[in-house]
Amino acid sequence: MAPNKTKKNKKGRYGVAEIKTLGNDLLSSASNINNLPLLLNFVNPSSPPHHLLESLLSLHSFFLPLLPTLPSSSSRAADAKGSEHQSHFIYNAWLRSKFDELVKSLLEVLVSPRQQQEEQEAVKEVVLDTLMEFVKVANGGRFHSAIYHRFLHSIVHSESSVEFLVDLLTAKYFKYIDVCYFTVISLKKLATTLEGKDQSEDKSENADVADASQLSSSTERVIHNIYYTISRVAPFENSDNTSDLEMWSRSENEHKQPCGDVNADDKQVKPGKHDNSVLSAAKIAKKMKLKFTQAWLSFLRLPLPLDVYKEVLVNLHQVVIPHLSNPVMLCDFLTRSYDIGGVVSVMALSSLFILMTQYGLEYPNFYEKLYVLLVPSIFMAKHRARFFQLLDSCLKSPLLPAYLAASFAKKMSRLLLSIPPSGALVITALIHNILRRHPSINCLVHREDQVDEGKGDKATDEATAANSDDAKVSASQKLGIDHFNYGEPNPKKSNAMRSSLWEVDTILQHYCPPVSRFALSLENDLTVRAKTSEVNVGDFSSGSYATIIGAEMSRRVKQVPLAFYKSTPSTLFSDADFAGWTFDFKDTSEIMHGSDENADKDDQNSGKRQRVV
């Protein structure tokens, strides 16, 4: 305990001016090399920001010109020949160890939470710039991927928020193709290591429950950090013109020394060993798409949390799939997501549809799974607009069998009875397009032959069994039978071709005027394609009560509904509404007088009947 107290007391005696003096002495003469450990003591998360920045400025100026001449951390003293060379090697090895301590301290400062937000951001920006300078020159002008990998490892496994740090890295350094290249390589290795760690933990049987829950939370945090970083990597396209690509490290045109081995990814090239394979911007651009694909595939194999899972599915078809070397490699992930059901299947539909239409993916059960997704809850989903547009695109092909188109049309018409008006509008638009694209199912709109057949069967039954009440009941019920099975998940077995779209007729009397008006379009003969046109589902897919009310308020009508009656109504209901009932108003005295007269007449009639008897 005594040495620690002495160290803290010595550290507390130094101010900003004293630290600046120590740095100037270190830079002016090699005899003041003992100031190096003193300055390193101030590079830690607990140091005041001014002390940390002042010492870091001196250390950066001291190490930067020496880094190309320092030996690697794995070098041994036995490699140096002669006592003079050996002593020089020992000195350089000691400097290398102090540089490794500095890098370790910088990484601790980067991922450590500080009390004041403004000071934290300023210090982290300076530390990040210093660390990236070391990455740039520490390997003889080549990209030092080992230091950069340690940096990404610290970000991914950080217990504090790394959003500011990753955003800063994205804004300042992700514009360089070599930085993005080594970023996806390191993230791929981190994801692969995490995947192997999870598999080994699943196999262990004697794991403590508390430790397992803590481990799962830490794993979830690591996955969040990996996704936040990899989703911001710019996928540089493979183009012949590489003059616009910027390199953070020195490129092939700036020096004739080898810049690295493309196949070794992040292995450092030994100083003095010449390699003809130079890591230039052109060679990185050729390898970038492959490394980008490997990184995303390794990440998607991880047990993603639900929020990350949903965000990945939403952005996958726009951010990832266009930049992969072989997008079909995502088929396992997408089909597994599509089979989950619910909102996850809705989110996976976009990417899966792109793979099927643009990259030739075959998925035999696609329409069966899509058919199951048609439930009332889908009209409340967040991404319902995109789902309905994709549903319309999936049913556009004229090669769909009639039973499949009929099943979708019938199930959607059944949903008309239990969905809000905004959903009824989009369903009506979808049914309109289906009937127009597939004339073979227009029999569902009008089944006159079935009605006539039912009448014939009824007449035959009444002729053969005139005195049978059961036969009459069964014959009268034939006209009201709907053979469609709403709960059948397989559209081939739903019996939709034997049914009709009677639900469409019900919404003609819908309480919402836009729904009833739009439903009138289904009464047209949609088989005449020259006189009809498809409805843009996108105009209705984002509808809600607010949009319907806004459209009605902005609609100009010829005859405005009046708030009073032109003639005073005499009855509450008309006689046509209730056959056999009358609602005429009569005075109570007249009703009582009429009832007395009727009673007297009844008494007289009864007396006469008694005398006759």
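None of these values were measured; they are calculated from a predicted model.

Caption draft 1: Expanded view of the overall build of the protein chain. From N to C terminus, the protein chain includes 24 helices and zero strands. Sorting the 613 residues of the protein chain into buried and exposed places 42% on the buried side. Excluding contacts between residues fewer than 6 apart, the proportion of contacts in the protein chain whose partners are at least 24 apart in sequence is 73%. If you sum the accessible surface of the protein chain, you get close to 34600 Å²; carbon and sulfur atoms cover 53% of it.

Caption draft 2: Highlighting the packing of helix 11 (residues 281–300) against helix 12 (residues 306–320). Between helix 11 and helix 12, the shortest axis-to-axis distance is 13 Å and the interhelical angle comes to 160°. Classed by the angle they form, the pair helix 11 and helix 12 counts as roughly antiparallel. As for the relative orientation of helix 11 and helix 12, their crossing is left-handed in sense. Residues Phe-292, Trp-296, Phe-299 and Leu-300 of helix 11 form the contact with helix 12, whose own contacting residues are Val-308, Val-312, Val-319 and Val-320.

Caption draft 3: Quick look at unusual backbone geometry. In the Ramachandran plot, Asn-495 falls in the positive-phi region, its phi being about 60° despite a non-glycine side chain. Among the secondary structure elements, Asn-495 is positioned in the loop between helix 20 (469–477) and helix 21 (502–506).

Caption draft 4: Spatial organisation of a nonpolar patch on the surface. On the surface, Tyr-511, Tyr-545, Ile-549 and Met-553 cluster together into a nonpolar patch covering about 540 Å² of accessible area. Relative to the elements of secondary structure, Met-553 occurs in helix 23 (residues 545–553). Taking the relative accessible area as the measure of exposure, Met-553 reaches 69% and is therefore exposed.

Caption draft 5: Spatial organisation of the pattern of salt bridges. Evaluation of the coordinates by the stated rule reveals 14 salt bridges. A salt bridge links Glu-503 to Arg-414; the shortest N-O distance between them is 2.8 Å. Pair noted here: Glu-503 is in helix 21 and Arg-414 is in helix 17 (residues 402–415), with a separation of 89 residues, a long-range link. Take Glu-503: its relative accessible area is 0%, and that puts it in the buried class. Between Arg-517 and Glu-552 there is a salt bridge, with its nearest N and O atoms 2.7 Å apart. Of this pair, Arg-517 sits in helix 22 (residues 513–519) while Glu-552 sits in helix 23, and the two are 35 residues apart along the sequence.

Caption draft 6: Broad picture of the side chain of Asn-35. As for its placement among the helices and strands, Asn-35 is situated in helix 3 (residues 35–40). In this structure the side chain of Asn-35 is engaged in a polar contact, spanning 3.4 Å, whose partner is the backbone oxygen of Leu-22. Excluding residues within four positions of it along the chain, Asn-35 makes contact with Leu-22, Asp-25 and Leu-26.

Caption draft 7: The arrangement of the confidence of the model for the protein chain in detail. Mean pLDDT over the protein chain works out to 79, with 73% of the residues at or above the 70 mark. A low-confidence stretch, residues 1–9 stays under pLDDT 50, and its non-local contacts, those more than four residues away or across chains, total one contact. Contacts from residues 449–477, a stretch scored under 50 in pLDDT, to residues over four places away or in other chains number nine contacts.

Caption draft 8: Up close: the packing of aromatic side chains. Scanning the model with the defined rule gives 23 aromatic pairs in all. On the basis of an interplanar angle of 85° and a centroid distance of 5.1 Å, the ring pair of Tyr-173 and Trp-248 is categorised as edge-to-face. Here Tyr-173 is found in helix 8 (residues 163–173), whereas its partner Trp-248 is found in the loop between helix 10 (209–230) and helix 11, with 75 residues between them in sequence. For the residue pair Tyr-173 and Trp-248, the accessibility class agrees, reading buried in each case. Consider the rings of Trp-296 and Phe-299, whose centres lie 5.8 Å apart with planes at 85°: the pair is edge-to-face. Remark: Phe-299 and Trp-296 occur in helix 11; sequence separation between them is three residues, near one turn of the helix. In this pair, the class of Trp-296 matches that of Phe-299, namely buried. Grouped by ring-pair contacts, the aromatic residues Tyr-338, Tyr-363, Phe-366, Tyr-367, Tyr-371 and Phe-408 constitute a single cluster. Just above the ring of Trp-248 sits the side chain of Lys-136; from NZ or CZ to the centre is 4.6 Å. Over the ring of Tyr-228 we find Arg-232; its NZ or CZ atom is 3.6 Å from the centre of that ring.

Caption draft 9: How the structure looks around the nonpolar core. Of all hydrophobic cores here, the largest spans 154 residues; its most connected members are Tyr-148, Phe-151 and Phe-299. Top contributing element to this core by residue count: helix 9 (residues 177–203), with eleven residues. Each of two domains, domain 1 (14–75 + 83–196 + 217–234 + 280–324) and domain 2 (363–445 + 481–552), supplies a minimum of three residues to this core. Once residues within four sequence positions are removed from consideration, Phe-299 is found in contact with Ala-191, Ile-223, Ile-226, Tyr-227, Leu-304, Val-308 and Val-312.

Caption draft 10: Just helix 4 (residues 49–63), in detail. Relative to the 21 Å expected for 15 residues at 1.5 Å per residue, helix 4 spans 21 Å between its end C-alpha atoms, a close match to the ideal helical length. Burial analysis of helix 4 places eleven of its 15 residues in the buried class, which makes it a mostly covered element. Residues of helix 4 that are buried include every one of Pro-49, His-51, Leu-52, Glu-54, Ser-55, Leu-56, Ser-58, Leu-59, His-60, Phe-62 and Phe-63, and no others.

Caption draft 11: Structural detail: the environment of Leu-395. Examined against the element boundaries, Leu-395 turns out to sit in the loop between helix 16 (384–394) and helix 17. The spacing of Leu-395 and Leu-430 is 35 residues in sequence and 9.1 Å in space, taken between C-alpha atoms. Other than its neighbours up to four places away in sequence, Leu-395 contacts Tyr-367, Leu-400, Phe-408, Met-412, Ile-434, Arg-437 and His-438.

Caption draft 12: Spatial organisation of helix 11. Compared with the 28 Å implied by 1.5 Å per residue over 20 residues, the 28 Å span of helix 11 between its first and last C-alpha is a close match. At Lys-287, helix 11 is deflected by roughly 40°, the largest bend along its length.

Rules and cut-offs
- Residues numbered from 1 in each chain as written.
- Predicted model: local features only at pLDDT ≥ 70, side-chain atom pairs only at ≥ 80, totals over all residues.
- Heavy atoms only, no water.
- Helix = DSSP H or I, 4+ residues; strand = E, 2+ residues; numbered from the N terminus.
- Buried < 20%, exposed > 50% of the residue type's maximum accessible area, 1.4 Å probe, protein only.
- Contact = heavy atoms within 4.5 Å.
- Areas by Shrake-Rupley, 256 points an atom, 1.4 Å probe, with all protein chains shown as cover.
- Axes fitted to C-alpha atoms, helices over the stretch in contact; angles between N-to-C directions.
- Parallel < 35°, antiparallel > 145°, perpendicular 65-115°, else oblique.
- Left-handed = near helix turned anticlockwise from the far one by under 90°.
- Patch = residues over 30% accessible without salt bridge, like charges linked within 9 Å, V, L, I, M, F, W, Y side chains within 5 Å.
- Salt bridge = Lys/Arg side-chain N within 4 Å of Asp/Glu carboxyl O.
- Polar contact = N/O pair within 3.5 Å; in protein donor to acceptor, adjacent residues only side chain to side chain.
- pLDDT = per-residue confidence, 0-100.
- Phe/Tyr/Trp six-rings, centres within 6.5 Å; stacked < 30°, edge-to-face > 60°.
- Lys NZ or Arg CZ within 6 Å of the ring centre and 35° of its normal.
- Core = buried A, V, L, I, M, F, W, Y, C linked by side-chain atoms within 4.5 Å.
- Domains from an automatic or database assignment.
- Expected span 1.5 Å × (residues − 1).
- Bend = angle between axes of the 7 residues up to and from the residue.

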